[in-house]
Amino acid sequence: MQNTDGLTPMDRELEAALGGLRIAPGAISRDRVLFDAGRASARRRSRLWQGSAAVLAIALLVSIALRPAPTEPEHSTEAVARQHISIDPVAQSAAHMEPFDLEQAQAFRQYIRMRRAVVDRGVEAIPTSDGIRDNPAPPLTRENIDELLSST
Amino acid sequence: MTRNVCRLLAVAAIAIALCGEQAPAADPPRTPTIRTIQLQVDPAPEPRFALQYLLETPYMEQRSGNAALLYQTAVGLMLEANQGDGATDRDTLNHWYNSPPETLPVEDVRTAISRFGLTFRNLETAAKCERCTWEYPIREEGFAYMMPQLGEYRTLSRLLCLKARLEIRDGALDQALTTLRSGVSMARDLGGGPSIIQHLVGVAIAAGMAREIEGWVQTANAPNLYWALIALPDPLINIRTSIQMESAGLYAKLPELLKLEDKVLSNEQVLDLWQRAAALLGADQKEPGWWLSKTMMIAGAMKLYPRAKARLIEQGHPAETVEAWPPLHVILLDQHQQFRAVSDSIFKWTYVPYTQARNGLKQADQEMSQLYQQDGAAMANPFLIFLPATQRICFLDARLARDIAMLRCIEAIRMYAADHDGKLPRSLAEITAVPLPTDPLNGGAFHYELAGGKAILESAIPPDGGPKDGLRYEITLR
């Protein structure tokens, strides 16, 4: 049977049950949220300033390190050196220099590297073959020696 | 109250008694992390003929000829023999070599090494040769020449070690001595060659042979090798030739450096020399920006000129002469003089026993590091890179000498035991029949003590080494 407000008995039961519930105290305070938001905003601004300051400091240090040498009076030794050194690459053509023996240079480098590896890691650093050949040469016998000699 | 006190005292007494029973039965090791080897040996007197057993071929038994050729032939024979079915791969060989002798798969090893008979005979013949001259063009090529197939000598030595191990195990001590002699001779000859890498290979081979001699001394009725070990050259592996090559090897490719005092180079010639040095160290003409790097080289050199000039004048060159030289010649001369000073300050210590040279080597290394950083990184002295880490090399030499010296001590102990009713000496001072070596790695006498029926012979972990560089033998008489 339905009441005039349109609720069924089941609805009324549910209404009564919901009406017995009480709101739990909030874990978040509005004031707290506003405060935290403001602090985070300030932290972001602070980090921005810190980052900017760090970048500027680094840029300053780099600029100090890379600043050009101050111009000096003509009698300084560096100025004298500059006058005596030609930096025109065209003037220093290969015709004035012995061509490099690249193979020997490579062998040189290989030795230096190998020496360092052996001192650091021991003789295990020296490469060896596995001692096994893929296509072993046939053993020399009297027959194939004769054949070899007769073919020349 | 009295009853409770009595109960408390009873409990305390029981607890104390239990703690007493938990006391360790034996003394703890002196240095627990040190490399320790247990030896069970028999007493062994001096042989009837003291020099009956030798680890080198005596002069009058030698043959004419150059052992180097036979060593190279042995490498070729080994590679030829180890092919086809049943060939031994490197990993298996290394596994056998590194395994304790008691775990060696005897028949497998015997089968594997049986194919190297001709190789071993070649090495025996090499050990009898009266000279070993590695006729490389090393004075012409310098560092550019490296002995081919050097790694194969390590394989040869491992085959020899396994052969000796089997022979010792079989009681075939005459054959084992021949094999040990082949290995020791190869180590001596290879290590005395004209490069540091070759020298270190020789040191490693000798260390392997020393390990096999440990097996010898543990063999029942094995003859005493005290005088065989004393008769070895000291040092066994001579470093002189390799060090002299290393200190002058770069001049084979940069000979102008030797004449800088007499022949002034133009700026262009100096640049050419620096470029050649750079090529030897890794850069070459074909790299992009080759000319750019040259410009940077000049720019960096200009910064060095004032100090280089000041140093040369301080060393006694007339100021007007230095002023007149091309600036790059001034810089190059200064660099080379620094290089020579540092090089000699390092290599001079290689002629001094390691315990006396240790601090000098360390100081020279530090000076080299400081010099390398001097004047900024832009044009650091490029020639310093050619110098090897000499302190480490001398350390390895001293460690090998230590291993051999300890074997001498072990044989002296066996000799003492044979002369004293099978008893171990209470101290090394009690051994008076033969002289005992000192510790070449740490200086002074080896540590010795009797503990729990064992003789403890120890070389402490050196200050510039790690636990594996110390060595402790715990010797028990059978």
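Being a predicted model, the structure only gives us computed values, none of them experimental. (Residues numbered from 1 in each chain as written. Chains lettered and ligands numbered in written order. Predicted model: local features only at pLDDT ≥ 70, side-chain atom pairs only at ≥ 80, totals over all residues. Heavy atoms only, no water.)

Comments concerning the overall build of chain A
For clarity, the threshold we go by: By the criteria applied, helices consist of DSSP H or I runs no shorter than four residues and strands consist of E runs no shorter than two, each listed in order from the N terminus. Burial here depends on accessible area, computed with a 1.4 Å probe over protein chains only, as a share of the maximum for the residue type. Under 20% is buried, over 50% is exposed, and the range in between is partly exposed. Under the convention used here, a 1.4 Å probe and the Shrake-Rupley method define accessible areas, while residue burial counts only the protein chains that appear.
Counting secondary structure elements, chain A contains 5 helices and 0 strands. Sequence-ordered secondary structure for chain A, helices as α and strands as β, is α-α-α-α-α. Evaluated residue by residue, chain A yields a buried proportion of 14% over its 152 residues. When the accessible area of chain A is evaluated, it comes to approximately 12,700 Å², of which 60% is carbon and sulfur surface.

Thoughts on the overall build of chain B
The line we're drawing: In this description, contact between two residues means that some pair of their heavy atoms is separated by no more than 4.5 Å.
A tally of regular secondary structure across chain B gives 17 helices and 6 strands. In chain B, which comprises 478 residues, the share counted as buried stands at 51%. Of the contacts made within chain B by residues no fewer than 6 positions apart, 76% connect residues no fewer than 24 positions apart. Per element, the accessible surface of chain B, about 22,100 Å² overall, is 54% carbon and sulfur.

As for unusual backbone geometry
All names here are of chain B. Cis peptide bonds are those with omega within 30 degrees of zero, and the linkage from Asp-234 to Pro-235 qualifies with 5 degrees. Position of Pro-235 among the secondary structure elements: in the loop between α10 (226-230) and α11 (240-248). Of note in the backbone geometry, Asn-221 takes a positive phi value of approximately 60 degrees without being a glycine. Tracing the backbone through its elements, the reader meets Asn-221 in the loop between α9 (196-217) and α10. Phi is positive for Asp-421, close to 55 degrees, though the residue is something other than glycine. Since its relative accessible area comes to 71%, Asp-421 is described here as exposed.

Notes on the confidence of the model for chain B
All names here are of chain B. Applied cut-off: Each residue carries a pLDDT score, the predictor's confidence in it, ranging from 0 to 100.
Here chain B averages 89 in pLDDT, and 88% of its residues register 70 or above. Taking the mean pLDDT of every element in chain B, the minimum, 59, falls on helix α1 (residues 2-21) and the maximum, 98, on α10. A low-confidence stretch, residues 288-292 (pLDDT under 50), is modelled with 7 contacts involving residues beyond four sequence positions or located in other chains. For this predicted complex, the interface confidence score (ipTM) comes to 0.80, while the overall pTM stands at 0.76.

What about the pairing of strand β1 (residues 36-41) of chain B?
Residue and element names in this part refer to chain B. Convention followed: Two strands are counted as paired when DSSP detects at least two bridges linking them.
Burial along β1 is one-sided: the residues Ile-37, Leu-39 and Val-41 are buried and none of Thr-36, Gln-38 and Gln-40 is. Summarising the sheet, β1 and strand β6 (residues 471-477) pair through 6 bridges and their orientation is parallel. Within β6, the position partnered with Ile-37 by the bridge is Tyr-473.

What to know about the packing of aromatic side chains
Residue and element names in this part refer to chain B. Note the cut-off: We call Phe, Tyr and Trp rings a pair once their centres come within 6.5 Å, taking the six-membered ring for Trp, and we label the pair stacked below 30 degrees between planes, edge-to-face above 60, and tilted otherwise. The rule is short: NZ of Lys or CZ of Arg within 6 Å of the ring centre and within 35 degrees of the ring normal puts a charge over the ring.
According to the stated counting rule, one finds 8 aromatic pairs over all chains in the structure shown. Ring centres 6.1 Å apart and planes at 20 degrees place the aromatic pair Tyr-71 and Trp-134 in the stacked group. Placement of the pair is Tyr-71 in helix α2 (residues 67-81) and Trp-134 in the loop between β3 (129-131) and α6 (138-141), with a sequence separation of 63 residues. Judged by relative accessible area, Tyr-71 falls into the buried class, the value being 1%. Consider the rings of Tyr-354 and Phe-395, whose centres lie 6.0 Å apart with planes at 75 degrees: the pair is edge-to-face. Pair noted here: Tyr-354 is in helix α16 (residues 354-373) and Phe-395 is in helix α17 (residues 390-419), with a separation of 41 residues, a long-range link. Neither residue differs from the other here; Tyr-354 and Phe-395 are each classed as buried. Here the aromatic cluster, defined as three or more aromatic residues joined through ring pairs, consists of Tyr-71, Trp-134, Tyr-136 and Tyr-153. Over the ring of Phe-120 we find Lys-163, and its NZ or CZ is 5.4 Å from the ring centre. Stacked on the ring of Tyr-97, the Lys or Arg Arg-211 has its end atom at 5.2 Å from the ring centre.

Regarding the pattern of salt bridges
All names here are of chain B. As a reminder of what qualifies: Salt bridge criterion: a side-chain nitrogen from Lys or Arg within 4 Å of a carboxyl oxygen from Asp or Glu.
Overall, the coordinates contain 23 salt bridges over all chains when judged by the stated rule. One salt bridge in this structure joins Asp-272 and Arg-276, with 3.2 Å as the shortest N-O distance. Taken together, the positions of Asp-272 and Arg-276, both in helix α12 (residues 267-281) and 4 residues apart, correspond to about one turn of that helix. Across this residue pair, the class does not change: Asp-272 and Arg-276 are buried. Where Asp-334 meets Arg-311, a salt bridge forms, and the shortest distance between an N and an O atom there is 2.7 Å. You can see Asp-334 sitting in helix α15 (residues 327-347) and its partner Arg-311 sitting in helix α13 (residues 290-314), a full 23 residues away along the chain. Residue Asp-334 shares its accessibility class with Arg-311, and that shared class is buried. One salt-bridge network, held together by shared partners, links Lys-454, Glu-458, Arg-472 and Glu-474.

A word on the domain arrangement of chain B
Rules: Domain segmentation is taken from an automatic or database assignment of domains.
According to the domain assignment, chain B contains domain 1 (54-222) and domain 2 (254-392). Here domain 1 of chain B and domain 2 of chain B have C-alpha centroids that lie 41 Å from each other.

Some points on the environment of B:Val109
Residue and element names in this part refer to chain B. Following the sequence through the fold, Val-109 ends up in helix α4 (residues 106-113). The class for Val-109 is buried, based on a relative accessible area of 0%. For Val-109 and Leu-162, which are 53 residues apart along the polypeptide, the C-alpha to C-alpha distance reads 7.5 Å. With residues near it in sequence (within four places) discarded, Val-109 still touches Trp-96, Leu-104, Leu-162 and Leu-166.

A look at the packing of helix α8 (residues 173-191) of chain B against α9(B)
Residues and elements named next belong to chain B. Basically, it comes down to this: Axis definition: a line fit to C-alpha positions, over the contact stretch in the case of helices; interaxial angles, taken between N-to-C directions, run 0 to 180 degrees. Our angle categories are set so that under 35 degrees counts as roughly parallel, over 145 as roughly antiparallel, 65 to 115 as roughly perpendicular, and the remainder as oblique. In a left-handed crossing the near helix is turned counterclockwise from the far helix by less than a right angle, and in a right-handed crossing that turn is clockwise.
Relative to each other, α8 and α9 sit at 160 degrees, their axes nearing to 7 Å. By the angle class used here, α8 and α9 are roughly antiparallel. The element α8 and its partner α9 pack so that their crossing is left-handed. Contact residues: α8 offers Leu-173, Ala-176, Leu-177, Leu-180, Gly-183, Val-184, Met-186, Ala-187, Leu-190 and Gly-191, while α9 offers Gln-198, His-199, Val-201, Gly-202, Ile-205, Ala-206, Met-209, Glu-212, Ile-213 and Trp-216.

Re the confidence of the model for chain A
The predicted coordinates ought not to be read in detail in places where the model reports low pLDDT. Residues and elements named next belong to chain A. Across chain A, pLDDT averages 60, with 22% of residues at or above 70. Confidence drops under pLDDT 50 across residues 70-97; counting only partners more than four residues distant or on other chains, this segment forms 37 contacts. The low-confidence segment residues 131-136 (pLDDT under 50) makes 10 contacts with residues lying over four places distant or belonging to another chain.

A look at the sheet that holds β6(B)
Residues and elements named next belong to chain B. If you trace the 4 strands from one edge of the open sheet to the other, you get β1-β6-β5-β4, paired in mixed fashion. The sheet is open, and its two borders are formed by β1 and β4 (447-451), each paired with just one other strand. On average, adjacent strands in this sheet sit at an angle of 20 degrees to one another, irrespective of strand direction. Inspection of the sheet shows β4 paired to strand β5 (residues 454-459) by 5 bridges, in the antiparallel sense.

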